[in-house]
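An overview of the molecular structure
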Amino acid sequence: MILLAIAVGAIIGGVLFRDFSGVVVGGLLGYMIAEVTQLKSRLASLESGSKQAATPPQAAGTVSPPTPPPAPVASARPPSATAATAPIAPLDVRPASPPRAQQGARSIEPNIEDVVFQRVKDFFLGGNTVVRIGIVVLFFGVAFFLKYAAEHARLPIELRLSLAAVAAIALLVLGAWLRKKREAYGLTLEGGAIGMLYLVVFAALRLYTLLPAAFAFALLVAICALAALLAIAQNSLALAVLGVTGGFLAPILASTGQGSHVMLFSYYAVLNLGILAISWFKAWRPLNLTGFAFTFVIGTAWGYRYYQPEFFGSVEPFLVFFFLLYVATVMLYAWRQAPSLANPVDGTLVFGVPIVAFLLQAAIVKAYPYGLAWSAFALAAFYLILASMVLKRASMRLLSEVFVALGMIFATLTIPLALDGHWTAAAWAIEGAGVLWIGLRQSQWLARAFGLLVQVGGGIFFFTHATPSADVAILNSTYVGVLLVALGGVTSGYLLFRYRERLKEFERPIGTIALAWGLVWFYAGTLNEIHLSVADAHEIFAWLLVVAAATMAQEEIGRRLAWPALRYAAGTNTVLVALTLASATVSVAHPFIGYGAIGWVLAFAAQYKVLRAHETTGLNVALGPRHALGFWVLGGLLAVEVAWAVDRLLPQSDWSLAAVAVVLSAMLTTPVALRGRAWPIRGNEPAYIFLAATLFAVAALVWLLQGLAQPGNAAPLTYVPVMNPLELASLILFLSLLSWVLAIRALGQKIEPLLVAYGAIAFIWLNAVLFRAIHHLADVPYTLNAMLGSVVAQSAISIFWSAIALAAMVMANRLTIRYLWLAGGALLAVVVIKLFLVDLSSTGAVERIVSFVGVGLLLLVIGYVAPVPPRVNKRAEVSP
């Protein structure tokens, strides 16, 4: 219901204003209207609870009839005789309590359309129907008589008006006399007489100018006071409503289309003062609604037809007066009803008065710059001050909560009407956090939702209306606005955490989302500000300095507030460092540019300090991945920076590639060397050896595959097989991989698949070593096709593969690893096949001789020193 109202209001506002601000204003007005329904539901629940707890006290002057025995609902209406003698005012006379099974159904309050229909039905069909309809017809007849007499009759107008006044007084006296015998009949006559007196005085004042304005208003005040006194003394709501209705209809029925609007609104002011006076003694909601409806409907109709900007000075005071008067009426109603806890707040007037008044205000101040903004600000201040005053009365606490909500809503409207996009978003963010806090303190989910939606709206408003600021760095509207939006999100996250026991189940994750919202705004806005304000060479340093400071601040504040989510946010800032490294590799010359080295040291120091603190305090969520991520970023940073530095010293060579391999080797061997010895490795071995080192092992594999395409440029040194930067780095990398595989086995994991992969990669790398040697020593181009087509290369491959097979089979024999011996034998078989299919067809006799002789000798050696290992006897058992 509420979301639908907000959506409809937003659509209407967007169509009317054709701007995002219109969408926001329309949505907020839709929210205000929907609040009526929300409040009515809450009041209905309070009323049903109060009915079950105790019977509310009788209104003053009402005779309490004896409680009848339980009866069917059909017998709830009193008989006609009783209706004639009982006062009309207590319209809420209730039948005997229904069975418990029916109470749940009766506690559901009807909607406003049902209430209005029932009131009209009760007026015309309750009590003496004929006399009520007759008095209405008589009232219209008198009005038409006065108008006709003004146009056609020859009798002096003074005489005609005097006769009408005498008839009204006579009707009033007759009603007072008959009230003692037939109360309902007499009260109806009195109400009609009051309306006729209003009509006569207004006609004499406005149509014929027979009475001075001061004297006419004195008469109107007297009639209003008479109606109020009669209604209060006789406890007659019907008399009050009839008298007020006649008073409001009098100028409409007697109107000729001419006259002063000041006179009309002054007259209505007198009538409304009478309603306010009655409200002091009686909590008659239908009377209040009648006055409100007549005042603002007639005022709106007049404004639509006749209002001009030059009328502002004479119209604005009346609008303010009517607004204040009905706010006072609402407060009086709540004060009168509070002791009984039955409908303590009139939701229709509470929300209807500011909505209608603000819409009328928008129409009359549209010609003034910031006129509507100041109006919204005044309403916000008014309701917030009023809420603080009402809050002192415990019985009116609900009304104070409603006033606070209205104050915050109008404060929200003030911002986009007065400020630019930067400050609008900022103010909405802070206000949204405030509304959220109120909703949490008062356990109102609607206020909580509204506070969060205001913050999201502020963010959207920022993107759609904000413009780059040309002010000084940091202290400019753009960045300050971003900081305030971020502050609103972080504050909301903390409030949702602090009051988490008051949240519904589906609301629990929203606190984390609000915190993330605030932090994203902070980091994104800060990064943009650094980009605009800091020299390119120092951007990385400034950004890392912010990340380090923010990390420490989040950890410290989260610890002091016992807020784990903020501390976890500090622990995950390594992601920002990783993104910084990724950006630096493509946007700047190297990561340590400017004072970048200092920034990286500070960022890593802050991150590891936070990790250490989390380990000691038991915040172990995702601790392993966080360790691994930090280690990955550290390795990547060192690899990129070292490669850049070496490339500057020795350009156009493989030294920079070799430097990367050395860094990867260090990242692989460090967790193995420090396991169980030093923090952060100690206690986190699985994170570093499995998670972190595995990524570096994959990176080493990629490096080795990439190195296959490199010819091994050792400049400025001369190429020497194996003793060159590329192959020495590869050898170091293989040894590091082997130490990592053995460390995994030490942790109780199976390594056979890893050994197979290790052997395959080693075999490929050894062939690359051979090809590079042939390239440099035999002057064969370093391409696969050239190598396969070279007789020298083919002979070298045959002998080299045989040597590898020999080494594998000897090792298998010594270690009794049968599958390794079989692998070596398979490679040897491939060599033999190659001899007869490839080498035998070679045209070079020397190369062919070398191939066959070399392979043959190696076969003899293998047969002697590396026979096949015996099969393992699966049935053998170890003796005890």
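Residues numbered from 1 in each chain as written. Predicted model: local features only at pLDDT ≥ 70, side-chain atom pairs only at ≥ 80, totals over all residues. Heavy atoms only, no water.

**Things to note about the overall build of the protein**
Cut-off, in case you're wondering: In this description a helix means any DSSP run of H or I spanning at least four residues, a strand means any run of E spanning at least two, and both kinds are numbered starting from the N terminus. Buried residues are those whose accessible area, probed at 1.4 Å on protein chains only, stays under 20% of the maximum for their type, while exposed residues exceed 50% and partly exposed ones sit between those limits. It only takes one pair of heavy atoms within 4.5 Å for two residues to be counted as in contact. Methods summary: accessible areas were calculated by the Shrake-Rupley approach with a probe of 1.4 Å, and residue burial reflects only the protein chains presented.
For the protein, the helix and strand inventory stands at 33 helices and zero strands. Classification of the 880 residues of the protein by burial places 45% in the buried group. Contacts in the protein between residues at least 24 apart in sequence constitute 73% of all its contacts with a sequence separation of at least 6. Roughly 43700 Å² of accessible area belongs to the protein as shown, and the carbon and sulfur atoms make up 70% of that amount.

**Regarding helix α15 (residues 371-390)**
For clarity, the threshold we go by: Here, expected helix span is obtained from the residue count minus one, scaled by 1.5 Å.
For α15, with 20 residues, the first-to-last C-alpha span of 28 Å sits near the 28 Å given by 1.5 Å per residue. When α15 is considered as a whole, its buried residues turn out to be Gly-371, Leu-372, Ala-373, Ser-375, Ala-376, Leu-379, Ala-380, Tyr-383, Leu-386, Ala-387 and Val-390.

**Observations regarding the packing of aromatic side chains**
Note the cut-off: Two aromatic rings, drawn from Phe, Tyr or Trp (for Trp, its six-membered ring), form a pair once their centres lie within 6.5 Å of each other, and the interplanar angle then sorts them: stacked below 30 degrees, edge-to-face above 60, tilted otherwise. Definition used: whenever NZ (Lys) or CZ (Arg) falls within 6 Å of the ring centre and also within 35 degrees of the ring normal, the charge is taken to sit over that ring.
One pass over the structure, following the stated rule, counts 30 aromatic pairs. Among the aromatic side chains, those forming a connected cluster through ring pairs are Phe-265, Trp-302, Phe-311, Phe-318, Phe-321 and Phe-322. For the cation-ring pair, Arg-500 lies above Phe-497, with the distance from its terminal atom to the ring centre recorded as 4.3 Å.

**A word on the side chain of Ser-375**
Let me state the cut-off plainly: Counting of polar contacts relies on pairs of N or O atoms within 3.5 Å, with two restrictions inside protein: one atom must be capable of donating a hydrogen and the other of accepting it, and residues adjacent in sequence are counted only when both atoms are side-chain atoms.
Tracing the backbone through its elements, the reader meets Ser-375 in helix α15. There is a polar contact of 2.9 Å between the side chain of Ser-375 and the side chain of Gln-361.

**Remarks on a nonpolar patch on the surface**
Heads up, the condition is: In this analysis, a patch consists of residues with relative accessible area above 30% that form no salt bridge, clustered at 9 Å for like charges and at 5 Å for the nonpolar side chains Val, Leu, Ile, Met, Phe, Trp and Tyr. Definition used for salt bridges: Asp or Glu carboxyl oxygen within 4 Å of a side-chain nitrogen of Lys or Arg.
Taken together, the side chains of Val-720, Val-722, Met-723, Leu-728, Leu-731 and Leu-735 define a hydrophobic patch exposed on the protein surface, amounting to about 490 Å² of accessible area. Positionally, Val-722 belongs in the loop between α27 (685-707) and α28 (725-746). Val-722 sits in the partly exposed class, given a relative accessible area of 37%.

**Overview of the pattern of salt bridges**
A complete count under the given rule lists five salt bridges for this structure. The salt bridge partner of Arg-448 is Glu-507, with a shortest N-O separation of 2.8 Å. With Arg-448 in helix α18 (residues 445-465) and Glu-507 in the loop between α19 (477-498) and α20 (510-533), this pair connects stretches of sequence that are 59 residues apart. Of the two residues, Arg-448 and Glu-507, both sit in the buried class. Between Arg-772 and Glu-727 there is a salt bridge, and its shortest N-O distance comes to 3.0 Å. Placement of Arg-772 in helix α29 (residues 752-777) and of Glu-727 in helix α28 is noted, with a sequence separation of 45 residues between them. Judged by relative accessible area, which is 0%, Glu-727 ranks as buried.

**Brief notes about the nonpolar core**
We apply this condition: Nonpolar cores were defined as sets of buried Ala, Val, Leu, Ile, Met, Phe, Trp, Tyr and Cys residues, with membership established by side-chain atoms within 4.5 Å.
With 81 residues, the main nonpolar core has Tyr-268, Leu-287, Tyr-383 and Phe-403 as its most contacted residues. Every residue in contact with Leu-287, bar those within four places of it in the chain, is listed here: Leu-237, Ala-240, Val-241, Val-244, Ile-275 and Ile-278.

**What about the side chain of Gln-455?**
Topologically, Gln-455 is positioned in helix α18. In this structure Gln-455 touches Trp-428, Ala-429, Gly-432, Ala-433, Gly-488, Gly-489, Ser-492 and Trp-517, once residues within four positions along its chain are discounted.

**Overview of the packing of helix α23 (residues 574-587) against helix α24 (residues 596-617)**
Selection criterion: A fitted line through C-alpha atoms represents every axis, and for helices the fit uses only the stretch in contact; the resulting angles, taken between N-to-C directions, go from 0 to 180 degrees. Our angle categories are set so that under 35 degrees counts as roughly parallel, over 145 as roughly antiparallel, 65 to 115 as roughly perpendicular, and the remainder as oblique. Each crossing gets its handedness from the near helix: less than a right angle anticlockwise from the far helix is left-handed, clockwise is right-handed. Classification convention: Asp, Glu, Lys, Arg as charged; Ala, Val, Leu, Ile, Met, Phe, Trp, Tyr, Cys, Pro as nonpolar; all other residues, Gly among them, as polar.
Close contact between α23 and α24 brings their axes to 10 Å; oriented N to C, the two are set at 155°. The pairing of α23 with α24 is recorded here as roughly antiparallel in orientation. Both α23 and α24 take part in a crossing whose hand is left-handed. Taken together, the residues of α24 that come into contact with α23 (itself represented by Thr-574, Val-577, Thr-580 and Leu-581) are Trp-600, Ala-603, Phe-604 and Gln-607. Looking at side-chain class alone, the contact of α23 with α24 contains five nonpolar, three polar and no charged residues.

**Describing the packing of helix α22 (residues 564-571) against α24**
Where α22 contacts α24, the two axes come as close as 9 Å, and the packing angle between them is 140°. Between α22 and α24, the angle is such that the two are oblique. For the element pair α22 and α24, the recorded crossing hand is left-handed. Across the interface between the two elements, Arg-567, Tyr-568, Ala-570 and Gly-571 of α22 pack against Gln-607, Val-610, Ala-613, His-614 and Thr-617 of α24. For the contact of α22 with α24, the per-class residue count stands at four nonpolar, four polar and one charged.

**Structural notes on the environment of Val-241**
Relative to the helices and strands, Val-241 is located in helix α10 (residues 237-253). Each C-alpha atom, one on Val-241 and one on Gly-191, is 7.8 Å from the other, the two residues being 50 residues apart in sequence.

**Quick word on the confidence of the model for the protein**
Heads up, the rule is: Confidence per residue, as judged by the predictor, is encoded in pLDDT with a range of 0 to 100.
Taken over all residues, the pLDDT of the protein has a mean of 73, while the share at 70 or more is 69%. Here helix α3 (residues 80-85) is the element of the protein with the lowest mean pLDDT, 36, and helix α21 (residues 539-560) is the one with the highest, 94. For the stretch residues 50-110, pLDDT sits under 50, and the model shows 50 contacts to residues farther than four places along the chain or on other chains. pLDDT under 50 marks residues 873-880. Its contacts with residues more than four places away, or in other chains, come to zero contacts.

**Quick look at the environment of Ala-659**
Position of Ala-659 relative to the elements: it lies in helix α26 (residues 655-674). In sequence terms Ala-659 and Val-646 are 13 residues apart; their C-alpha atoms lie 7.2 Å from each other. With residues up to four places along the chain from it excluded, the contact list for Ala-659 reads Val-642 and Val-646.

**A few points about unusual backbone geometry**
Pro-680 follows Trp-679 through a cis peptide bond whose omega is 15°. Structurally, the position occupied by Pro-680 is in the loop between α26 and α27. Here the phi dihedral of Ala-562 falls at roughly 55°; this positive angle occurs in a residue that is not glycine. Along the polypeptide, Ala-562 turns up in the loop between α21 and α22.

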